[in-house]
Amino acid sequence: MITNSVSIGRTLAVVALLLSSVAQNALPQEEFGFFNRGPYRESVPRPDDLLGYAAGTTQTQYAELQSVFDRMISAAPDRLRTEVIGTTEEGRLMRAFIFSAPENIERLDEIRANINQLADPRTTPQSDAAEIAATTPLVVMLSYSI
C-alpha cells in the first residue's frame, strides 16, 4: 500500500512538472526590461547608458552608483530627491533616495509629519490615525548592505 502511494505521488509530481513545462513553452515569453512597463521620460538618462553596461551584469562601484543617481535626480527633480543621512566608516556620505509622484515630493514635509503622528499610537487619537492613514501615501524604506 505504501509503495503504491509513493509511486502515485511520484507520478503526479512528474506529470505536474511536465504540464508546467508545456504551459510555459506555450505562452509567449516577454523579455524582462526595466523600461518596458510604461512611459519613460527620455530626458532621464538610463543607468545602462551612464555605466556602459546593463545594470546587474557586473559590480558597480559606490562612486559610479552615486553618479548615476545624481544624474537621474538632476533630470527629474520633481520625482526624485536625495538626503544625506550619515557617513560610512570609510567617510563616504550615506544618502536616502526618495522616489515618488510629483505631488508627493511637493508635500514631503507634510507626509513626514503625518507618519510621525502614527509612530506612537498612544499619542494620536484613533480617528486622527484613520484619517492620516487614508490620506498619506504608503512609505517603504529599503536598506541594503554587504
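Note that the structure is predicted; figures quoted are calculated from it, not measured.

1. Considering the pattern of salt bridges
Turning to step 1, where the next piece is worked out: Using the criterion set out here, one finds six salt bridges in the structure.
Turning to step 2, where the next piece is worked out: In this structure, arginine 107 and glutamate 110 form a salt bridge, with 3.0 Å as the shortest nitrogen-oxygen distance.
Turning to step 3, where the next piece is worked out: Judged by relative accessible area, which is 42%, glutamate 110 ranks as partly exposed.

2. Some thoughts on the side chain of asparagine 114
Turning to step 1, where the next piece is worked out: For asparagine 114, the position within the fold is in helix α5 (residues 108–118).
Turning to step 2, where the next piece is worked out: Its relative accessible area of 12% is what places asparagine 114 among the buried residues.
Turning to step 3, where the next piece is worked out: Beyond its immediate stretch of four places on either side in the chain, asparagine 114 contacts Ile132 and Thr136.

3. Notes on the packing of aromatic side chains
Turning to step 1, where the next piece is worked out: Inspection of the entire model under this criterion finds two aromatic pairs.
Turning to step 2, where the next piece is worked out: Measuring from centroid to centroid gives 4.2 Å for phenylalanine 69 and phenylalanine 97, while their planes differ by 25°, and the two rings are stacked. Of this pair, phenylalanine 69 sits in helix α3 (residues 62–75) while phenylalanine 97 sits in strand β2 (residues 93–99), placing them 28 residues apart in sequence.
Turning to step 3, where the next piece is worked out: Of the residues examined, phenylalanine 97 reaches a relative accessible area of 23% and is grouped as partly exposed.

4. Here we look at α5
Turning to step 1, where the next piece is worked out: Every buried residue of α5 is accounted for by Leu108, Ile111 and Asn114. Seen from one end, α5 has its buried residues packed into an arc of 125°, which puts them on one side. Opposite its buried face, α5 presents the exposed residues Asp109 and Asn116, each directed more than 90 degrees away.
Turning to step 2, where the next piece is worked out: Contacts from the buried residues of α5 go to β1 (80–87), β2, α4 (102–106) and α6 (126–135).

5. Considering the environment of phenylalanine 99
Turning to step 1, where the next piece is worked out: Mapping phenylalanine 99 onto the fold places it in strand β2.
Turning to step 2, where the next piece is worked out: Separated by 18 residues in sequence, phenylalanine 99 and arginine 81 have C-alpha atoms that sit 6.7 Å apart.

6. Focus on the environment of isoleucine 85
Turning to step 1, where the next piece is worked out: Note on placement: isoleucine 85 falls in strand β1.
Turning to step 2, where the next piece is worked out: For isoleucine 85, the residues in contact, after removing those within four places along its chain, are Met94, Arg95 and Ala96.

7. What to know about the pairing of β2
Turning to step 1, where the next piece is worked out: As paired elements, β1 and β2 share seven bridges and run antiparallel to each other. Following the sheet pairing, glycine 86 is matched in β2 by methionine 94.
Turning to step 2, where the next piece is worked out: What sits between β1 and β2 in their antiparallel hairpin is a turn of five residues, with glycine 91 showing a positive phi close to 85°.

8. Points about a nonpolar patch on the surface
Turning to step 1, where the next piece is worked out: Side chains of Leu138, Val140, Leu142 and Tyr144 sit close together on the surface and give an oily, nonpolar patch of about 560 Å² of accessible area.
Turning to step 2, where the next piece is worked out: On the secondary structure map, valine 140 appears in the segment after α6.

9. Describing the confidence of the model for the protein
Turning to step 1, where the next piece is worked out: For the protein, per-residue confidence averages 82 on the pLDDT scale, and residues scoring 70 or more make up 79% of the total.
Turning to step 2, where the next piece is worked out: Here helix α1 (residues 2–26) stands out as the element of the protein with the lowest mean pLDDT, 59, in contrast to α4, whose mean of 94 is the highest.

10. Re the nonpolar core
Note on soluble globular proteins: their nonpolar side chains tend to be buried together.
Turning to step 1, where the next piece is worked out: Among the nonpolar cores identified, the biggest contains eight residues, and these are Val44, Leu51, Tyr53, Val68, Met72, Ile73, Ala76 and Leu80.
Turning to step 2, where the next piece is worked out: With three residues, the top contributor of residues to this core is α3.
Turning to step 3, where the next piece is worked out: Leave out the neighbours within four places in its chain, and leucine 51 touches Thr60, Glu64 and Val68.

Cut-offs used in this document
- What you see as residue numbers is a count from 1 along each chain, following the sequence as written.
- Totals for whole chains, interfaces and linings use all residues, but because this is a predicted model, local features are given only for residues with pLDDT of at least 70 and pairs of side-chain atoms are given and counted only at 80 or more.
- In computing side-chain properties, one takes all heavy atoms of the structure into account and sets aside hydrogens as well as water.
- Here a salt bridge means any side-chain nitrogen of Lys or Arg lying within 4 Å of a carboxyl oxygen belonging to Asp or Glu.
- Burial classes follow relative accessibility: with a 1.4 Å probe on protein chains only, a residue under 20% of its type's maximum area counts as buried, one over 50% as exposed, and anything between as partly exposed.
- Helix and strand labels come from DSSP, where a helix needs a run of H or I of at least four residues and a strand needs a run of E of at least two; each type is numbered from the N terminus.
- In this analysis, two residues are considered to be in contact whenever any of their non-hydrogen atoms come within 4.5 Å of each other.
- Think of it this way: a Phe, Tyr or Trp ring, Trp meaning its six-membered ring, pairs with another when their centres are within 6.5 Å, and the plane angle makes it stacked under 30 degrees, edge-to-face over 60, tilted otherwise.
- Arc, as used here, means the arc of the directions from the helix axis to the C-beta atoms.
- A strand pair is defined by DSSP finding two or more bridges across the two strands.
- Think of a patch as exposed residues, more than 30% relative accessible area, with no salt bridge, where like charges cluster within 9 Å and nonpolar side chains (Val, Leu, Ile, Met, Phe, Trp, Tyr) cluster within 5 Å.
- To measure how exposed things are, a 1.4 Å probe is used in the Shrake-Rupley method; for residues, cover is taken only from the protein chains shown.
- The predictor reports its confidence for every residue as pLDDT, a score running from 0 up to 100.
- Residue types Ala, Val, Leu, Ile, Met, Phe, Trp, Tyr and Cys, when buried and joined through side-chain atoms within 4.5 Å, form a set referred to as a nonpolar core.

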